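Okay, here's what each chain looks like letter by letter:
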Amino acid sequence: MQKVYNKILSVTGNVITVKAADVAYEELAEITTFRGKSLAQVIKLENDIVSLQVFAGSQGISTNDEVRFLGNPMRVTFSDNMLGRIFNGSGIPRDKGPALTENMIEIAGPSVNPAKRIIPKNMIRTNIPMIDVFNSLVVSQKLPIFSVSGEPYNELLARIALQAEVDMIVLGGIGLKYDQYMYFKNTLEEGGALSRSVFFVHTASDPIVEGLMVPDLCLAVAEKFALKGKNVLVLLTDMTNFADALKEIAITMEQVPSNRGYPGDLYSQLAARYEKAVDFEGAGSVTVLAVTTMPGDDVTHPVPDNTGYITEGQFYLRNGRIEPFGSLSRLKQQVNDKTREDHRAIMDGLIQLYAQYIETEEKRAMGFRMSDWDGKLLKYGNLFESNMMDLSVNIALEDALDRGWKILAECFTPEETRMKTDLINKFWPKEAA
Amino acid sequence: MKQSKGTIVGINGNMISVAFEGNIIQNEVGYAISGEDRLKSEVIKIQGNIAYMQVFEITKGLKVGDEVEFTGEMLSVQLGPGILGMVYDGLQNPLNELAKMHGFFLKRGVILDALDFEKEWEFTPTAKTGDTVTGGSVLGHVKEGIFEHKIFVPFDIRGNYSLKSIVKKDKYKVVETLATIENEKGIKHDLMMYFEWPVKIPITNYRDKLVPREPLTTQTRIIDTFFPVAKGGTYCIPGPFGAGKTVLQQVTSRFAEADIVIIAACGERAGEVVETLREFPEITDPRTGKPLMERTIIICNTSSMPVAAREASVYTAATLGEYYRQMGLNVLLLADSTSRWAQAMRELSGRLEEIPGEEAFPAYLGSRIAQFYERAGLVELNDGSRGSLTIGGTVSPAGGNFEEPVTQSTLKVVGAFHGLSRDRSNARRYPAIHPLESWSKYKSFIPQNMIDEARKILFKGNEVHQMMLVVGEEGTSVEDYIIYLKSEFLDNVYLQQNSFDAVDGATSPERQNLVFQKVLNVLKEEFKLKEKDEARSFFNKLRQLFIDWNYFDMKDDKFNEQEALINQLIEEYSGDAKGL
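Residues numbered from 1 in each chain as written. Chains lettered and ligands numbered in written order. Predicted model: local features only at pLDDT ≥ 70, side-chain atom pairs only at ≥ 80, totals over all residues. Heavy atoms only, no water.

Q: Provide a residue-level description of the overall build of chain A, including the pertinent values.
A: Of regular secondary structure, chain A possesses twelve helices and 23 strands. Based on the C-alpha atoms only, the size of chain A along its principal axes is roughly 85 × 50 × 40 Å. Within chain A, the proportion of its 433 residues that are buried is 58%. Carbon together with sulfur atoms contributes 48% to the accessible area of chain A, which is approximately 16,700 Å² in total. (Helix = DSSP H or I, 4+ residues; strand = E, 2+ residues; numbered from the N terminus. Buried < 20%, exposed > 50% of the residue type's maximum accessible area, 1.4 Å probe, protein only. Areas by Shrake-Rupley, 256 points an atom, 1.4 Å probe, with all protein chains shown as cover.)

Have a look at this one:
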């Protein structure tokens, strides 16, 4: 019962219209042009006029090209065979492996009943002290990495992918540069993690509409694996490209823009994706870590701003380091009292001293005279930056806590740290005391 | 009423256009039939024989030509016993029951009754056969938790009716007929324990609307003392993300001295509601000794749930609030966040291709916001008793900039403004309500002249602080420096409050009176302090004593001991004015 139409009425941007009957909202169609076949999705129905967004873009579409409606919405295969495979933004393999067509599942399914959600309680260790110690990542959390272009956010994601304590990884690339895509692939391959990963990669050279599907594909697959008991980490890079693709389609469809050209439903669109993060009671979980590049390092830009209202905190990546001040994991309180008794004290203590160091550093830069205490803070700040904040530091949480005590002992007397006495008695390094 | 039918002629996102025959009404509910799914929709615009309807579900799979069944009813909620303690979505679907039937996901097209039709309630009639009744008259009551839940004649019954029959005291289900009424024209109605009411129409079956005067205690010091909320009043909490809006709402929902709290989680994170959902049944309400959940209703339409239902959710919440207010109770409605609700209106307005106003919000944004807050109020009911509905809404302005349409439209209509500041939250000064920019038109239980004195110190302290940033500490006189220290002292020990602490998190009016008096004495005192270092160390000491004091229970002996320590320190440094 597939319907074929041969007359395209209009081509505007990446949206075409055809006259057709019995077409469902969000149904898929296949368009055959001289460049090959492309998928398209119904985005508006008005009487018998159907508007479709063409995944491959509208370049080269002829008014008499064939449009064939497939009778189903966007779907993706789901099976264990997907592990280690790489797909594009239409769900078609981009590695040289065979096409997978069994067990197709619908994407962008219904949302989880809030009454079935549980309070998050398990930490995901990453061996990155700035995350584990200061802003712990928690199972079912949704966290963006706010950063400007040029920061090593993809390197950070790849490291988290390799080291995070999860069963599997779903990586979604939206507008990913080709070399970054190869970097992910090679890094995960060398690290032996590719076999527990699924990639959906839309590169910067692919048609922009195709990138729109990537988050939904990733999250639909992740959700299914989670329901089968897997703890899945979804990495998305970069969600600003996703928002820009939404903007492009919205403008083409002549929607009234709300803020800097972005459509009025940007918040709902982003939330629909991020809210897929969940911990299923009695099954697995989905945790979402997504890069959001901030144009002009402006956190009030509509994309990071709306994201910040949706997600449970954020990591600021600046100058190659995760900033301790702006970064926040809203869920860390749920887990960091169950790790080691000194975790919270070290977390607060080190940051308070680092904040004092920043003040001292400003005073020093302005040419003020440095006191003994200032000297200690300067020493501390440098040690903290090189031994804790640097992204190359790769140690387990307990080692990082020990290292925190060691840095304190190198710079201060126990009283100066304002730590609780019982913790000092237990954890202060003996040889230094 | 004869029910009309229609067919879909257009689909655009969550809006469908429907060609219909017969009569339909604005805001009428219809069902779009897609295979086995019946998708609830609401008429929002009628033009010729085309009705524009917002669909409360995902429209995926709908087709042009699909049928729409109209119901002849406006979007309504069920009002009757059994609402307290429930968790509903924006259309009053009980989420726990949905979870029992369909597991993890919100299945499309499933609609359940909001009330338990099987449960039996012990009904005590108070009206007698032969009584003259009208909409809003009380027939009797049932016991719902700790409250006497009044059973009303439906609010839309107009004119006088005579009570023909009423059942005797016994157990009944909400769907059983309790009474029959008849008017002069012989029109009869059988009345049950519940009835339906359209959410977008305010309930006005009361004698008079009064000016809110009495404070509604929230037990948050900066609110109750400086920027109070009145029973029946309105307030808003705008703030950028991460400034603690939701935590503040959660704290208020726990400690506010209202009879009933309705939490409308409107388009926000599901995770935040979960904490309330899981914790409230465990927490005991200190005033009643019962779980907090028994006085709470949660309307939960989180960010990933359908947008149109989000638009409806605040009205659902307001209607439930008005219903309980009719029983003479004090109801507090907390809406988090009204910006998401406004955005839902914006999405819809865009799909209707209306001419946009500022930032693409519809031109009627301001009047809709005003209408919503106007549903709050202190009323004198027909039996002379009083009930109130207080509305507090958070606003999430884009980029944290208050100069945007939702914040500005809200400020025009509310009675108090609790503006959250990013600077204060970055400095971990919680609650991050800005003490210089916020305001309230309501009266606190603390005399106004005392508050003014304290505010003056805050303003002066801020001036000194600004000056110090330029000229440094060295360039500031000792007198000015002490004013700065005093304002910091007030901020640290009184404005800031640890909402996660059992004692400090909730400060009773009695305690606020006591502590504020003491703080004010410090602010007014001229201390014998000659140098800045001396002043700083004195205020540091005093601050520490006060903060520790805040953490002692008033009934604890330590509370009094600590107060003595504070008095001792103050006396030690008081100037000649007081004399030693």
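We are not done yet, so read on.
Q: With reference to specific residues and values, describe unusual backbone geometry.
A: All names here are of chain B. Cis geometry is adopted by the peptide bond preceding Ser337, which originates at Asp336 and carries an omega value of 10 degrees. Considering the arrangement of structural elements, one finds Ser337 in the loop between strand S24 (330–336) and helix H6 (338–351). Each neighbour pair has its own omega, and for Tyr430 with Pro431 the value is -10 degrees, a cis peptide bond. Within the fold, Pro431 resides in the loop between helix H9 (422–426) and strand S28 (439–440). Of note, the phi angle at Gln92 is positive, near 70 degrees, even though the residue is not glycine. Among the structural elements, Gln92 can be located in the loop between strand S8 (87–88) and helix H1 (95–102).

Q: Give a detailed account of the sheet that holds strand S15 (residues 179–182) of chain B, specifying residues and quantitative values.
A: All names here are of chain B. Across the sheet, which stays open at both edges, the four strands sit in the order S10-S13-S15-S16 with antiparallel pairing between neighbours. The open sheet terminates on both sides in strands that have one partner only, identified here as strand S10 (132–133) and strand S16 (188–191). Relative to S16, S15 runs antiparallel, the two sharing four bridges. Of the residues in S16, the one forming a bridge with Ala179 is Leu191. (Pairing = 2+ DSSP bridges.)

Q: I'd love a proper account of the environment of Gly384(B), names of residues and values included.
A: All names here are of chain B. Locating Gly384 in the fold gives a position in the loop between strand S25 (377–380) and strand S26 (386–395). A relative accessible area of 34% places Gly384 in the partly exposed class. In the structure, Gly384 is positioned 176 residues away from Asp208 in sequence and 9.5 Å away in space, judged by C-alpha atoms.

Q: Can you lay out the packing of aromatic side chains for me, pointing to particular residues and giving the numbers?
A: Enumeration according to the criterion identifies 46 aromatic pairs over all chains in this entry. On the numbers, 6.0 Å between centres and 85 degrees between planes, the contact of Phe527(B) with Phe539(B) is edge-to-face. Residue Phe527(B) is found in the loop between helix H12 (509–524) and helix H13 (532–550), and its partner Phe539(B) is found in helix H13; the two are separated by twelve residues along the sequence. Both residues of the pair, Phe527(B) and Phe539(B), belong to the buried class. Chaining the aromatic ring pairs together yields one cluster made of Phe134(A), Phe325(A), Tyr354(A), Tyr357(A), Trp373(A), Tyr380(A), Phe384(A) and Phe412(A). The residue whose ring lies beneath Lys116(A) is Phe104(B), and the NZ or CZ to ring-centre distance is 5.4 Å. We note Arg422(B) situated over the ring of Phe241(B); from NZ or CZ to the ring centre the distance is 5.0 Å. (Phe/Tyr/Trp six-rings, centres within 6.5 Å; stacked < 30°, edge-to-face > 60°. Lys NZ or Arg CZ within 6 Å of the ring centre and 35° of its normal.)

Q: How would you explain helix H14 (residues 557–573) of chain B if you had to name every residue and give the values?
A: Owing to its 3.6 residues per turn, the α-helix aligns residues three or four sequence positions apart on the same side. Residue and element names in this part refer to chain B. Spanning 17 residues, H14 covers 25 Å between terminal C-alpha atoms, matching the ideal 24 Å at 1.5 Å per step. Residues of H14 that are buried: Phe559, Gln562, Glu563, Ile566, Leu569, Ile570 and Tyr573. One side of H14 holds all its buried residues, which, seen down the axis, span an arc of 125 degrees. Turned more than 90 degrees away from the buried face of H14 sit Asp557, Glu561, Gln568 and Glu571, all of them exposed. Considering only its buried residues, H14 is in contact with H12 and H13. (Expected span 1.5 Å × (residues − 1). Arc of directions from axis to C-beta. Contact = heavy atoms within 4.5 Å.)

Q: How would you explain the interface of chain A and chain B if you had to name every residue and give the values?
A: Many descriptions give the size of an interface as the accessible area lost when the pieces come together. Across the contact, 54 residues belong to chain A and 57 residues belong to chain B. Carbon and sulfur atoms make up 56% of the surface buried where chain A meets chain B, a total of about 4,700 Å² over both sides. Applying the counting criterion to the chain A and chain B interface returns three salt bridges. Breaking the side of chain A that touches chain B down by element, the ones donating at least two residues are strand S5 (36–46), helix H4 (214–227), strand S17 (257–259), helix H6 (266–274) and helix H7 (302–310) of chain A. When S5(A) meets strand S1 (residues 5–12) of chain B, the two strands line up antiparallel, connected through two bridges. Looking at S1(B), one finds that Glu46(A) is bridged to Gly10(B). (Buried area = accessible area lost by both parts, 1.4 Å probe. Salt bridge = Lys/Arg side-chain N within 4 Å of Asp/Glu carboxyl O.)

Q: Residue-level account of the side chain of Thr407(B), with values.
A: Relative to the helices and strands, Thr407(B) is located in helix H8 (residues 405–413). Residues contacting Thr407(B), with those up to four places away along its chain left out, are Pro238(B), Val395(B), Pro397(B) and Phe402(B).

Q: Please provide a residue-by-residue account of empty space enclosed by the protein, values included.
A: Summed over the entire model, instances satisfying the criterion amount to five cavities of 30 Å³ or more. Roughly 200 Å³ of volume is contained in the largest cavity. At the level of secondary structure, the elements contributing two or more residues to the lining of the largest cavity comprise S17, strand S18 (262–263), H6 and H7 of chain A together with H6 of chain B. Residues that form the lining of the largest cavity fall into these classes: ten nonpolar, seven polar and five charged. The space that makes up the second largest cavity amounts to roughly 150 Å³. Lining the second largest cavity are 14 residues; nearest its centre among them are Thr246(B), Gln250(B), Ile263(B), Thr276(B) and Asp336(B). Looking at the lining of the second largest cavity, the elements with two or more residues in it are helix H3 (245–255), strand S22 (260–266), helix H4 (270–279) and S24 of chain B. Examining the composition of the lining of the second largest cavity, we find that four residues originate from one element, H3(B), more than from any other. Grouping the constituent residues of the lining of the second largest cavity by class yields five nonpolar, five polar and four charged. (1 Å grid on protein atoms, 1.4 Å probe; cavity = no way out; pocket = protein on both sides within 12 Å on 5 of 7 lines; lining within 4 Å. Points joined across faces, edges and corners; volume = space filled by probe spheres on them. Nonpolar A, V, L, I, M, F, W, Y, C, P; charged D, E, K, R; others polar.)

Q: Mind laying out the pattern of salt bridges, listing which residues take part and the relevant values?
A: Two side chains that carry opposite charge are able to pair once their charged atoms sit near each other. Considering all chains together, one arrives at 44 salt bridges over all chains under this definition. The closest approach of N and O atoms between Arg254(B) and Glu279(B), which form a salt bridge, is 2.9 Å. In this pair, Arg254(B) sits in helix H3 while Glu279(B) sits in helix H4, placing the two residues 25 residues apart along the sequence. In the salt-bridge network here, residues are joined through shared partners; they are Arg117(A), Lys142(A), Glu275(A) and Glu312(A).

Q: Describe a negative patch on the surface, and please don't skip the residues or the numbers.
A: There is a patch of like negative charges on the surface, built from Glu120(B), Glu122(B), Asp170(B) and Glu176(B). Turning to its location among the elements, Glu176(B) is positioned in the loop between strand S14 (170–173) and S15. (Patch = residues over 30% accessible without salt bridge, like charges linked within 9 Å, V, L, I, M, F, W, Y side chains within 5 Å. Lys, Arg positive; Asp, Glu negative; His and termini not counted. Charge placed at Lys NZ, Arg CZ, Asp CG, Glu CD.)

Q: If you had to explain the state of the cysteines to someone new, which residues and values would you point to?
A: Covalent bonding between the sulfur atoms of two cysteines defines a disulfide. Per the counting criterion, the structure on display carries zero disulfides over all chains. Residue Cys300(B) stays outside any disulfide, its sulfur separated by 10 Å from that of Cys266(B), the closest cysteine. (Disulfide = S-S within 2.5 Å.)

Q: Would you mind going over the side chain of Thr218(B) in detail, with residue names and values included?
A: All names here are of chain B. With respect to the helices and strands, the residue Thr218 is situated in the loop between strand S19 (215–216) and helix H2 (221–226). Classification of Thr218 by relative accessible area gives buried; the value is 1%. Within the structure, the side chain of Thr218 is placed 2.9 Å from the side chain of Asp224, a separation counted as a polar contact. (Polar contact = N/O pair within 3.5 Å; in protein donor to acceptor, adjacent residues only side chain to side chain.)

Q: Tell me about the packing of H13(B) against H14(B), residues and numbers included.
A: Residues and elements named next belong to chain B. Between H13 and H14, the least distance of the axes is 9 Å, while the angle of their chain directions is 165 degrees. With respect to H14, the element H13 is oriented roughly antiparallel. Crossing handedness for the pair H13 and H14: left-handed. On H14, the residues that touch Glu534, Phe538, Lys541, Leu542, Leu545, Phe546, Asp548 and Trp549 of H13 are Phe559, Gln562, Glu563, Leu565, Ile566, Leu569, Ile570 and Tyr573. Here the contact of H13 with H14 is composed, by residue class, of eleven nonpolar, one polar and four charged. (Axes fitted to C-alpha atoms, helices over the stretch in contact; angles between N-to-C directions. Parallel < 35°, antiparallel > 145°, perpendicular 65-115°, else oblique. Left-handed = near helix turned anticlockwise from the far one by under 90°.)

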